[in-house]
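# Tertiary structure, described
Here are the chains, one letter per residue:
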Amino acid sequence: MNIIAPVSTIMSTRLITVNPDDSLETIKTHFDSNSIHHIPVVRYKKLVGIISSTDFNHFLRGFTRNEQDSLLESVRLRAWKAEDIMTKKLAKVESGDPIRTALEVFKTNRIHALPVEENGELVGIVTTYDIICTLAEEEIKLEDYKRL
């Protein structure tokens, strides 16, 4: 992997986003229907937060033991909003920043997703999974085997 290549070369651009006023029921539907682990929260094209599946599951923890708990969970999902559980203080990168910058932010902050912006607008997200996939797809050369 060329770690000085821009983040835009490995970021995901097909984003599922929510509004801060969206219910957690909407968030649950997105997590259940898509193979994603992070949902950016956007207001008028400006990134205001992010919700990870880990944070969302932490919010739900312990509320599905019986029918009454399921009813309570349903009420909570409709009553609470994205802004109530989103992470607001975000690390971000610009689309032209080198991948190395994203690696440093991941390493320093022990996070797994970075929103990517261009001119103050969300244009993508880069995750540790994106980096792993890029490394896994990298061609292995004969000289790499000689070093082993």
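Source: prediction; values computed, not measured.

Each value, and the rule that gives it
Starting from 1, residues in each chain are numbered consecutively following that chain's sequence as written. Restriction of local features to residues with pLDDT of at least 70 applies here, the model being predicted, together with a cutoff of 80 or more for giving and counting side-chain atom pairs; totals for whole chains, interfaces and linings are based on all residues. Based on all heavy atoms of the structure, the side-chain values leave hydrogens and waters out of the count. Comment: elements are numbered from the N terminus, with helices defined as DSSP H or I runs of at least four residues and strands as E runs of at least two. Each accessible area is a Shrake-Rupley result for a 1.4 Å probe, and residues are judged covered by the shown protein chains and nothing else. Charge assignment: positive for Lys and Arg, negative for Asp and Glu; neither His nor the chain ends contribute. Taken as the charge location is NZ of Lys, CZ of Arg, CG of Asp or CD of Glu. Accessible area is worked out with a 1.4 Å probe on protein chains only. A residue is then buried under 20% of its type maximum, exposed over 50%, and partly exposed in between. The pairing criterion is simple: DSSP has to find at least two bridges between the two strands. Whenever a carboxyl oxygen of Asp or Glu lies within 4 Å of a side-chain nitrogen of Lys or Arg, that contact is scored as a salt bridge. pLDDT is defined as a per-residue confidence score from the predictor, taking values between 0 and 100. What makes two residues a contact is simply this: any of their non-hydrogen atoms within 4.5 Å. Axes here mean lines fitted to C-alpha atoms, for a helix over just the part in contact, with angles spanning 0 to 180 degrees between N-to-C directions. Angles are sorted into four bins: roughly parallel if under 35 degrees, roughly antiparallel if over 145, roughly perpendicular if 65 to 115, and oblique for all others. Put simply, a crossing is left-handed when the front helix is turned counterclockwise from the back one by less than a right angle, and right-handed when it is turned clockwise. Charged residues are taken to be Asp, Glu, Lys and Arg, nonpolar residues to be Ala, Val, Leu, Ile, Met, Phe, Trp, Tyr, Cys and Pro, and polar residues to be all remaining types, Gly included. Each aromatic pair joins two rings of Phe, Tyr and Trp (for Trp, the six-membered one) with centres within 6.5 Å, and gets the label stacked for planes under 30 degrees apart, edge-to-face for over 60, and tilted for any other angle. Throughout this description, the term charge over a ring refers to an Arg CZ or Lys NZ atom that lies within 6 Å of the ring centre and within 35 degrees of the ring normal. Computed over the protein atoms alone on a 1 Å grid, cavities are sets of points where a 1.4 Å probe fits but cannot get out and pockets are open sets with protein on both sides within 12 Å along at least five of seven lines; a residue lines them when it has an atom within 4 Å of a point. Grid points are joined across faces, edges and corners, and a volume is the space filled by probe spheres set on the points.

## A word on the overall build of the protein
A count of helices and strands for the protein gives seven helices and five strands. When the helices and strands of the protein are placed in sequence order, the string is α-β-β-α-α-α-β-α-β-β-α-α. Viewed in the frame of its principal axes, the protein has a C-alpha envelope of about 65 × 35 × 25 Å. With the model as given, the accessible surface of the protein reaches about 9700 Å², and the carbon-plus-sulfur share is 50%. The distance from the centre of the 19 positive side-chain charges to the centre of the 22 negative ones in the protein is 4 Å.

## A word on the pairing of strand β1 (residues 38-43)
The two faces of the sheet receive side chains in turn, since in a regular strand these alternate between them. Of all the six residues making up β1, five are buried; the element is thus mostly covered by neighbouring parts of the structure. Across six bridges, β1 lies against strand β2 (residues 46-52) in antiparallel orientation. Paired with I39 across the two strands is I51, which belongs to β2. Following β1, the chain reverses through two residues before pairing antiparallel with β2; Y44 in that reversal takes a positive phi of roughly 50°.

## Observations regarding the pattern of salt bridges
Under the defined criterion, the tally for this structure stands at four salt bridges. K92 serves as the salt-bridge partner of E117, at 3.9 Å between the closest nitrogen and oxygen. With E117 in strand β4 (residues 113-118) and K92 in the loop between α4 (82-85) and β3 (93-94), this pair connects stretches of sequence that are 25 residues apart. The class of E117 is buried, set by a relative accessible area of 8%.

## Details of the confidence of the model for the protein
It should be kept in mind that the predicted coordinates are not to be read in detail where pLDDT is low. Of all residues in the protein, 92% attain a pLDDT of 70 or more, and the chain-wide mean is 91. Element-level pLDDT for the protein is lowest in helix α7 (residues 142-147), with a mean of 69, against a maximum mean of 98 in β3.

## Focus: the environment of V18
Residue placement: V18 occurs in the segment before α1 (24-33). Linking V18 and V41, residues 23 residues apart in sequence, is a C-alpha distance of 5.0 Å. The contact partners of V18, leaving out residues within four places of it in the chain, are T26, I27, H30, I39, P40, V41, V42 and A82.

## Some words on the packing of α1 against helix α2 (residues 53-60)
Contact geometry of α1 with α2 gives a least axis separation of 11 Å together with a crossing angle of 125°. Taken together, the axes of α1 and α2 are oblique relative to one another. Our pair here, α1 against α2, has a crossing hand that is left-handed. Across the interface between the two elements, L24, I27, K28 and F31 from α1 touch S53, F56 and F59 from α2. The class makeup of the residues in the contact of α1 with α2 is five nonpolar, one polar and one charged.

## Focus: the packing of aromatic side chains
What the rule picks out here adds up to two aromatic pairs. For R76, the ring lying beneath its charged end belongs to F59, and the centroid distance is 4.0 Å.

## Concerning the layout of surface pockets
Where empty space is left becomes clear once a probe the size of a water molecule has been rolled over the atoms. Considered as a void within the structure, the largest pocket measures approximately 410 Å³ in volume. Every residue lining the largest pocket is counted, 16 residues in all, and those nearest its centre are S12, S35, I36, H37 and T127. When residues of the lining of the largest pocket are traced back to their parent elements, those giving at least two are β1, β5 (121-127) and α6 (128-137). If you tally residues by element for the lining of the largest pocket, the top one is α6, at four residues. Residues of the lining of the largest pocket, tallied by class, amount to seven nonpolar, seven polar and two charged. As for the second largest pocket, its lining consists of 15 residues, of which I50, T87, I111, H112 and A113 are closest to the centre. Of all the secondary structure elements, the ones that give two or more residues to the lining of the second largest pocket are β2 and β4.

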